[in-house]
Amino acid sequence: MKITPFAMAALVTMGCGSTIEHYTEDTGTDAEDTDVTADTAVDGMDVPADTIHTDSTPADTAGDTVAFDTAPDPFDVPPDTMTDPVDVPIDSTPDTVLDTSPDPIDVISDDVPIEPVPEVCTNGIDDDIDGRTDCMDSDCLAAEACAGTCYPISTIACSGTVSSSNTAAGATDRIDEYSCASWVGWEGSEVAYRLNLTMRRGVTMNLTGLTADMDLFLLSGTPTVCDADDCLTRSIATDTNPELISTTLDPGTYYILVDGYSGATSPFTLTVTCAAPENCSNGSDDDGDGLADCADSDCDTFPACVSLCSPAGVLSCGSSLTGNTSAMGATDVVDAYSCTTWPETGNEFTYSFASASPTAMDVTFTIDNLSSTYLDLFVIQVTSADATCNPMQCTGSSTTDDSSDSVSIRTTAGSTYFVVVDGYAETTGTYRITATCP
């Protein structure tokens, strides 16, 4: 190593015990002092934020005087330690609504059994789940709302026979009158049987073995409704005479009722037989009742068998005429009308009536001064192009046993009607007929 003369002189001098001090300006700090580091100066820029304190109390303790430390900073607290609704699972807070009142959506329907309740007789629901609804339920046998309806004790089949009485278990006393009879009086108990047909059949019902005046009724209905207002026909022979109904029925549900007239009670045997319906155009007695084709009453509504009435007189508004169903002009070709189930087998007398009003009007036809209350009144509307008097186009009737019968209709402008006086069960007689217009 090379040593300059100046350096050599300095070393000699220092070696002689002299001391040379080097100072900076009055800063109190030695610019060359390498013992003092940046860490000895509390420089906020060099120290992590969490280590800064303004007193001797550790940060985040109760004594920390730093403002943001005394209130916990959400960013310093782990999310799971905060009771934030978003962070807290739903199940950690009991749901008193769902737990105390089970929600149908939360409960599997198959796990909740349907509990039967007492039958309500008027709501159309099988409340007690026994297969019978409303008045067809034995719980409703005495219900006031079920008056006029029947309760089938069982189902009877074609070619079936049953022996019972109208005092047997299941008999009811809810029906005193029927729509197919023009009077009341069946105050005795009734027994009803259901008849189900899956095809059109000729049906014969026989009631025998009677010891009192029992009668036989046939009602249309549905599997859940049996109403005396739906009576189709009846057999009401007097005293202990047997009862017989023979008719052709379409597929459906029917009810056969055995009822006691004037409070009568009696044992009975009911027999039902079914046959193929009469074919009205093959020349054979298909249903075995001794009558073939149009001679059979089953064919009364068959187009080729319908007998047409023939007008022999003319009615007009305000006219009043006397007549006799046995007099000239009367005929005996019509025994049935589409608006009644009664056998009108007596002679008939027919009138034509033409509405002269340019607008619709109400007209009332009346028969009175009757020699027999079994004379009935029918009104037929002309609906065919040839203006025939077709009893199957009957639009109104009165078949009471009163001293007069009336039928009111609303006519259309220029329309034609036929008014027929006919006799029930071979009845003939005299009458007065009147047409009353506004």
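Above: the structure in question.
Attention in this report is confined to the structure presented alongside it. All figures in this text were calculated on a predicted structure; none of them were measured in a lab.

What counts and what doesn't
Residues numbered from 1 in each chain as written. Predicted model: local features only at pLDDT ≥ 70, side-chain atom pairs only at ≥ 80, totals over all residues. Heavy atoms only, no water. Buried < 20%, exposed > 50% of the residue type's maximum accessible area, 1.4 Å probe, protein only. Helix = DSSP H or I, 4+ residues; strand = E, 2+ residues; numbered from the N terminus. Pairing = 2+ DSSP bridges. Disulfide = S-S within 2.5 Å. Axes fitted to C-alpha atoms, helices over the stretch in contact; angles between N-to-C directions. Salt bridge = Lys/Arg side-chain N within 4 Å of Asp/Glu carboxyl O. Contact = heavy atoms within 4.5 Å. Polar contact = N/O pair within 3.5 Å; in protein donor to acceptor, adjacent residues only side chain to side chain. Phe/Tyr/Trp six-rings, centres within 6.5 Å; stacked < 30°, edge-to-face > 60°.

Here's the deal with the pairing of strand S9 (residues 267-275)
(1) Moving on: Burial along S9 is one-sided: Phe268, Leu270, Val272 and Cys274 are buried, and none of Pro267, Thr269, Thr271, Thr273 and Ala275, which face the opposite way, are.
(2) Moving on: Pairing between strand S2 (residues 160-165) and S9: six bridges, direction antiparallel. Bridging from a neighbouring strand, Val162 pairs with Leu270 of S9.
(3) Moving on: Pairing between strand S4 (residues 201-208) and S9: seven bridges, direction antiparallel. Residue pairing across strands places Gly202 opposite Ala275, the latter belonging to S9.

Brief notes about the state of the cysteines
(1) Moving on: Under the counting rule described, the total for this entry stands at ten disulfides.
(2) Moving on: Bridging Cys121 to Cys140, the disulfide has an S-S length of 2.0 Å. Disulfide Cys121-Cys140: the torsion about the S-S bond is -95°, which places it as left-handed. Linking Cys121 in the loop between helix H3 (96-100) and strand S1 (152-155) with Cys140 in the loop between H3 and S1, this pair joins segments that are 19 residues apart in sequence. There is no split in this pair, since Cys121 and Cys140 are both buried.
(3) Moving on: Here Cys180 engages in a disulfide with Cys231; their sulfurs sit 1.9 Å apart.

Remarks on the sheet that holds S1
(1) Moving on: Within the open sheet, the five strands sit side by side as S1-S3-S8-S5-S6. Their pairing is mixed. Pairing within the sheet leaves two strands with one partner each, and these edge strands are S1 and strand S6 (231-235). Here the strands of the sheet are splayed against their neighbours by 25° on average, with no regard to which way each runs.

Here we look at the pattern of salt bridges
(1) Moving on: For the coordinates displayed, the defined rule picks out three salt bridges.
(2) Moving on: The closest approach of N and O atoms between Asp250 and Arg200, which form a salt bridge, is 2.6 Å. With Asp250 in the loop between strand S7 (243-249) and strand S8 (252-260) and Arg200 in the loop between strand S3 (190-197) and S4, this residue pair connects regions lying 50 residues apart in the sequence.
(3) Moving on: On the accessibility criterion, Asp250 (41% relative accessible area) is partly exposed.
(4) Moving on: Among the residues examined, Arg200 registers a relative accessible area of 35% and is labelled partly exposed.
(5) Moving on: With a shortest N-O distance of 3.1 Å, Arg410 and Asp362 are connected by a salt bridge. In this pair, Arg410 is assigned in strand S16 (residues 405-411) and Asp362 in strand S13 (residues 361-368), connecting sequence segments 48 residues apart.
(6) Moving on: A residue is classified by how much of its surface remains accessible, and Arg410, at 54% relative accessible area, is exposed.
(7) Moving on: A residue is classified by how much of its surface remains accessible, and Asp362, at 43% relative accessible area, is partly exposed.

A look at the side chain of Ser372
(1) Moving on: Take Ser372: it is sitting in the loop between S13 and strand S14 (375-381).
(2) Moving on: Under the relative-accessibility criterion, Ser372 is labelled buried at 18%.
(3) Moving on: When residues no more than four places from it in sequence are discounted, the contact partners of Ser372 are Thr427 and Thr428.

Points about the side chain of Thr434
(1) Moving on: Following the sequence through the fold, Thr434 ends up in strand S18 (residues 430-436).
(2) Moving on: Among the polar contacts made by the side chain of Thr434, one reaches the side chain of Ser320 at a distance of 3.1 Å.
(3) Moving on: The residues contacting Thr434, other than those within four sequence positions of it, are Ser319, Ser320, Thr364, Phe365 and Thr366.

Regarding the sheet that holds strand S10 (residues 313-315)
(1) Moving on: Here five strands make up an open sheet; going across it, the order is S10-S12-S17-S14-S15 and the pairing mixed. The open sheet is flanked by S10 and strand S15 (394-398), the only strands paired with a single partner. Between one strand axis and the next, the sheet turns through 25° on average, direction left out of account.
(2) Moving on: Pairing analysis gives seven bridges linking S14 to strand S17 (residues 416-423), with the strands arranged antiparallel. If you follow Phe378 over to S17, its bridge partner there is Val420.

A word on the packing of aromatic side chains
(1) Moving on: What the rule picks out here adds up to ten aromatic pairs.
(2) Moving on: Centroid distance Tyr178 to Phe217: 3.7 Å. Interplanar angle 10°. Geometry classified as stacked. A residue pair is termed long-range when its members are at least 10 positions apart, and Tyr178 in the loop between S2 and S3 and Phe217 in strand S5 (residues 214-221) qualify at 39 residues. One exposure class covers both Tyr178 and Phe217, and it is buried.
(3) Moving on: With 5.4 Å between their ring centres and 85° between their planes, Tyr374 and Tyr424 make a pair best called edge-to-face. Of this pair, Tyr374 sits in the loop between S13 and S14 while Tyr424 sits in the loop between S17 and S18; the two residues are 50 residues apart in sequence, bridging distant segments of the chain.
(4) Moving on: Note on Tyr424: relative accessible area 19%, which makes it buried.

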